[in-house]
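# Analysis of the macromolecular model
Listed below, chain by chain, are the residues.
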Amino acid sequence: MQARSRRIEAAVQRDRPGIGRLAQRAEIGAIRYEFAPQEFFDDAGPGLIVPHRARDHGRWHHARVAYSRAKMRKAASFIVDTDPAFADIVEASPVCSIGNGARTSLNPFESLVGSVIAQQVSVKAADSITARVTDYLDGDVSPEKVANSSVEGLRAAGLSGAKTKTVKGIAEAIHTGVLDLEEALPHPDDSAVVAELTKLWGVGRWTAEMFLMFTMHRLDVWPTGDLAMRKGWNIVHGESGDIDPRILEPLGDPLRPYRSVVAWYCWRAVEGDDSSW
């Protein structure tokens, strides 16, 4: 592994584009690697985006940022130092799994479909519907498979009419080249990614933010539109109910650049070990 890492580093130095590039790419044999923007770097060095598949016909296949445990412990310490109310939930929880959780094995389209399925339903319901949809698609949650599937079949698997229209619309946009999720992965501007995704029917800010957090693995997303996150914030701070998103929005500013991690701990406060994030 160390030898391969040295070869990758050498290739990046050899192929490094001019100053100002926000992502670095290198090719070792049949696999292309991509290195994250500076914001992904930690004390152990650059956040290597680990490839899930080899290159095919010149395309860059899905890859992920692999954050170190040291990086996430540093984030947790920063959060507790900034807002001591988080001390108990941080101590009671494992290290934040953004970039290393169960969803990292999914391709970008599959992850986005999962976020659509999770809209306005419980975690348990979302997991159940996702499993049924995946089974209906014979385990191949790809744009081609979804585009060619029937509305009736997706509905029978548990998708609502609106969500069926949304996932088929996303599949069609990818299939026709209108949307390229692979190219979105290294994009440095979160707001640009949100703007691009929310052009699609049925994809709102929340869905785009879940894609940023759990597919692009961005650590500074602040999903104030998420009810469970708002409830978790109040639980952490000894309050009941859920805080108004307009009030919560500026409260996240001191917690930059780790607001995604803050949200993750808020979900833990509500869902505990049942959280699938």
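Residues numbered from 1 in each chain as written. Predicted model: local features only at pLDDT ≥ 70, side-chain atom pairs only at ≥ 80, totals over all residues. Heavy atoms only, no water.

Glancing now at the overall build of the protein chain. The number of helices and strands found in the protein chain is 14 helices and four strands. Relative to its 277 residues, the protein chain shows a buried fraction of 47%. For the protein chain, the share of sequence-separated contacts (at least 6 apart) that also reach a separation of at least 24 residues comes to 61%. Surface summary for the protein chain: the accessible area is close to 13500 Å², and the carbon and sulfur share equals 52%. (Helix = DSSP H or I, 4+ residues; strand = E, 2+ residues; numbered from the N terminus. Buried < 20%, exposed > 50% of the residue type's maximum accessible area, 1.4 Å probe, protein only. Contact = heavy atoms within 4.5 Å. Areas by Shrake-Rupley, 256 points an atom, 1.4 Å probe, with all protein chains shown as cover.)

Right, let's talk about the pattern of salt bridges for a bit. Taken as a whole, this structure holds ten salt bridges when the rule is applied. Measuring nitrogen to oxygen at the nearest pair gives 3.7 Å for the salt bridge that ties Glu249 to Arg205. Residue Glu249 is located in helix H13 (residues 245-251), and its partner Arg205 is located in helix H11 (residues 205-214); the two are separated by 44 residues in the primary sequence. Of the residues examined, Glu249 reaches a relative accessible area of 30% and is grouped as partly exposed. Overall, Arg205 belongs to the partly exposed group, its relative accessible area being 43%. (Salt bridge = Lys/Arg side-chain N within 4 Å of Asp/Glu carboxyl O.)

Within this structure, the stated rule accounts for five aromatic pairs. Here Phe78 and Tyr258 contribute two aromatic rings whose centre-to-centre distance is 5.6 Å and whose plane-to-plane angle is 65 degrees, an arrangement assigned as edge-to-face. Placement of Phe78 in helix H2 (residues 69-82) and of Tyr258 in the loop between H13 and helix H14 (259-271) is noted, with a sequence separation of 180 residues between them. Take Phe78: its relative accessible area is 28%, and that puts it in the partly exposed class. In this structure Tyr258 comes out as buried when scored by relative accessible area, which is 7%. Summarising the aromatic geometry, the rings of Trp264 and Tyr265 are spaced 5.0 Å apart at their centres and angled 85 degrees between planes, so their arrangement reads as edge-to-face. Each of the two residues, Trp264 as well as Tyr265, counts as buried. One aromatic cluster in this structure is built from Phe86, Trp222 and Trp233. A cation over a ring is seen here: Lys165 above Trp201, with NZ or CZ 4.1 Å from the ring centre. (Phe/Tyr/Trp six-rings, centres within 6.5 Å; stacked < 30°, edge-to-face > 60°. Lys NZ or Arg CZ within 6 Å of the ring centre and 35° of its normal.)

Turning next to the nonpolar core. Core analysis: the largest hydrophobic core is formed by 62 residues, its most contacted members being Phe86, Leu197, Trp233, Val261 and Tyr265. Residues contacting Phe86, with those up to four places away along its chain left out, are Ile79, Val80, Trp233, Val236, His237, Val262, Tyr265 and Cys266. (Core = buried A, V, L, I, M, F, W, Y, C linked by side-chain atoms within 4.5 Å.)

With that out of the way, let us pick up the confidence of the model for the protein chain. For the protein chain, per-residue confidence averages 80 on the pLDDT scale, and 73% of positions sit at 70 or higher. Taken as a whole, residues 1-63 scores under 50 in pLDDT and shows 113 contacts with residues more than four places along the chain or in a different chain. (pLDDT = per-residue confidence, 0-100.)

On to H14. Residues spaced three or four apart along an α-helix face the same direction, because each turn holds 3.6 residues. For H14, built from 13 residues, the straight-helix expectation of 18 Å at 1.5 Å per residue is met to within 8% by its first-to-last C-alpha distance of 18 Å. When you tally the buried positions in H14, you get eleven out of 13 residues, the bulk of the element. Those residues of H14 that sit buried are Arg259, Ser260, Val261, Val262, Ala263, Trp264, Tyr265, Cys266, Trp267, Arg268 and Glu271. Here the buried face of H14 lies against H2, helix H3 (87-92), helix H5 (123-136), H11 and helix H12 (227-236). Count one or two residues on from H14 and you reach Gly272, which has phi positive near 60 degrees. (Expected span 1.5 Å × (residues − 1).)

Where helix H4 (residues 108-117) meets H11, the axes come as close as 9 Å, and the angle between the chain directions of the two elements is 135 degrees. The angle between the axes of H4 and H11 places the two elements in the oblique class. Of the two elements, H4 crosses H11, and the hand of that crossing is right-handed. When H4 is examined against H11, the residues Pro108, Ser111, Leu112, Ser115 and Val116 are found in contact with a partner set consisting of Trp206, Thr207, Met210, Phe211 and Phe214. (Axes fitted to C-alpha atoms, helices over the stretch in contact; angles between N-to-C directions. Parallel < 35°, antiparallel > 145°, perpendicular 65-115°, else oblique. Left-handed = near helix turned anticlockwise from the far one by under 90°.)

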